[in-house]
Amino acid sequence: MKIFVYTTVFAPSVGGIEEMAKLLCTEFTALGHEVVVATETPGTADMPFEVVRRPSRLQMRQLLSWCDVHMQANVSLKAAWVWLFAPRKTLYQHNNVSQRDDGTKRPVDRVKTALARAMPGIAVSTYTAARTGAEHVILNAYDDTTFGPAPAWESKDRDLVFLGRLVSQKGCETLIDALGRLAARGQRPALTVIGDGPDREQLARQADETGVVDQVTFEGKLTGKALAAELARHRVMVVPSRYEEPFGIVALEGLASGCVPVVSERGGLTDAIGGHGFTFPNGDAEALADRLKGILSDIETARHCLDGVDRHLAQCKARAVAQNYIAVFDQRIRRRT
């Protein structure tokens, strides 16, 4: 099968969309398919498939003629015109929902939503499927060659970990606020913050002003095996997104590392943990403090939420997810022919 994938962002840029595209296309190639990725991201990255950067319209049309199936990662107005030339080959992969973090829609978001509902699509969670009208739901993949298997519980020596960009929508400030509330109740768990971003200094000040600065360690950005090793040391991962996270690959990475996940309840994070964890209302620091107090007070009971998690993780391994995509592509080709 000849597969043409268009994604506005790709390696060396770092993010969930970039990682998912890389994992899928690497697995498509390993399964024996021909893959070409087109992206607006400049730079270089060593990949086992061809990458066309900042493609011209002529290059895009040539790739559309070449391929058996064309998938776009999210709705891009810049590349929406391809539907006119290859409507029966094209489908969307919905990694997120076209709306502001508060749920409101700009005019451009309404156009993207209309396009999403007019074309076939694959959603990465039931949450995104409900908001885009996608016909298929295939949960996102994680890099199972890097994360897991989970270490022995007894080897874990740290309490809480946060992994993500240090921006307001990811909710690290909610977690630090919750730490302050726990401290007022006499409970002082340590927190490791992994990641970087424009809010780092503000978060450090917040930790100081809240009186929990001695509990918080900012590790900065970690990747690959170094990240996996750090996650494996922790008992609890907190994913406190303030907005409605469309999925959350970090939750899968935490589960694979043997962390008990605590995630925001609205959005796709509940799909990501698959019932193997705990939730709290988005942005509610008091509710998060209550949830963490209960978990940390009886961590041995809380960790039983991980019982049977291997079955959930199995469907999110990169090869399994890629095979599910290929099945949808096959169905699309059969319908056309």
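Data block above holds the structure.
A short tour of the structure in this document, coming up.

Conventions adopted
- Residues numbered from 1 in each chain as written.
- Predicted model: local features only at pLDDT ≥ 70, side-chain atom pairs only at ≥ 80, totals over all residues.
- Heavy atoms only, no water.
- Helix = DSSP H or I, 4+ residues; strand = E, 2+ residues; numbered from the N terminus.
- Buried < 20%, exposed > 50% of the residue type's maximum accessible area, 1.4 Å probe, protein only.
- Contact = heavy atoms within 4.5 Å.
- Lys, Arg positive; Asp, Glu negative; His and termini not counted.
- Charge placed at Lys NZ, Arg CZ, Asp CG, Glu CD.
- 1 Å grid on protein atoms, 1.4 Å probe; cavity = no way out; pocket = protein on both sides within 12 Å on 5 of 7 lines; lining within 4 Å.
- Points joined across faces, edges and corners; volume = space filled by probe spheres on them.
- Nonpolar A, V, L, I, M, F, W, Y, C, P; charged D, E, K, R; others polar.
- Arc of directions from axis to C-beta.
- Pairing = 2+ DSSP bridges.
- Axes fitted to C-alpha atoms, helices over the stretch in contact; angles between N-to-C directions.

**Regarding the overall build of the protein chain**
Looking only at helices and strands, the protein chain has 14 helices and 13 strands in total. In terms of its C-alpha atoms, the protein chain occupies a principal-axis envelope of roughly 65 × 40 × 35 Å. Relative to its 337 residues, the protein chain shows a buried fraction of 52%. Taking as baseline every contact in the protein chain between residues at least 6 positions apart, the subset at least 24 positions apart corresponds to 71%. Across the protein chain, the centroid of the 41 positively charged side chains sits 8 Å from that of the 40 negatively charged ones.

**What about the layout of surface pockets?**
Of the voids in this model, the second largest pocket is the one considered here, and its volume is about 400 Å³. Surrounding the second largest pocket, 23 residues form its lining, A150, A256, V309, D310 and L313 being those nearest its centre. Elements supplying a minimum of two residues to the lining of the second largest pocket: α9 (249-256) and α13 (309-314). No other element matches the four residues that α13 contributes to the lining of the second largest pocket. For the lining of the second largest pocket, the per-class residue count stands at 13 nonpolar, four polar and six charged.

**With respect to helix α2 (residues 57-66)**
Among all positions of α2, only M60, L63 and L64 are buried. Down the axis of α2, the buried side of the element spans an arc of 100 degrees, and every buried residue falls inside it. The exposed set on the far side of α2, more than 90 degrees from its buried face, consists of L58 and S65. Taken together, the buried residues of α2 touch β1 (2-7), β2 (34-39), β4 (69-73) and α3 (82-85).

**Regarding the sheet that holds strand β9 (residues 191-194)**
The sheet built from six strands is open, its strands ordered β10-β9-β8-β11-β12-β13 with parallel pairing. In the strand order of this sheet, the two ends are held by β10 (216-220) and β13 (278-280), each with one partner. On average, adjacent strands in this sheet sit at an angle of 25 degrees to one another, irrespective of strand direction. Judged from the four bridges that link them, β9 and β10 form a sheet pairing that is parallel. Directly across from V193, in β10, lies its bridge partner F218.

**Let's talk about the sheet that holds strand β3 (residues 50-53)**
A sheet is described by the order of its strands in space; here seven strands give the open sequence β3-β2-β1-β4-β5-β6-β7, paired in parallel fashion. Of all the strands in the sheet, the pair left with one neighbour each is β3 and β7 (136-137). Bridge count between β1 and β4: four bridges; the pairing is parallel. Among the inter-strand pairings, I3 is bridged to a residue of β4, identified as V69. Against the sheet, helix α14 (residues 318-336) engages β1, β4, β5 (90-94), β6 (121-123) and β7, with an angle of about 155 degrees to β5.

Nothing here speaks to function; it is geometry throughout.
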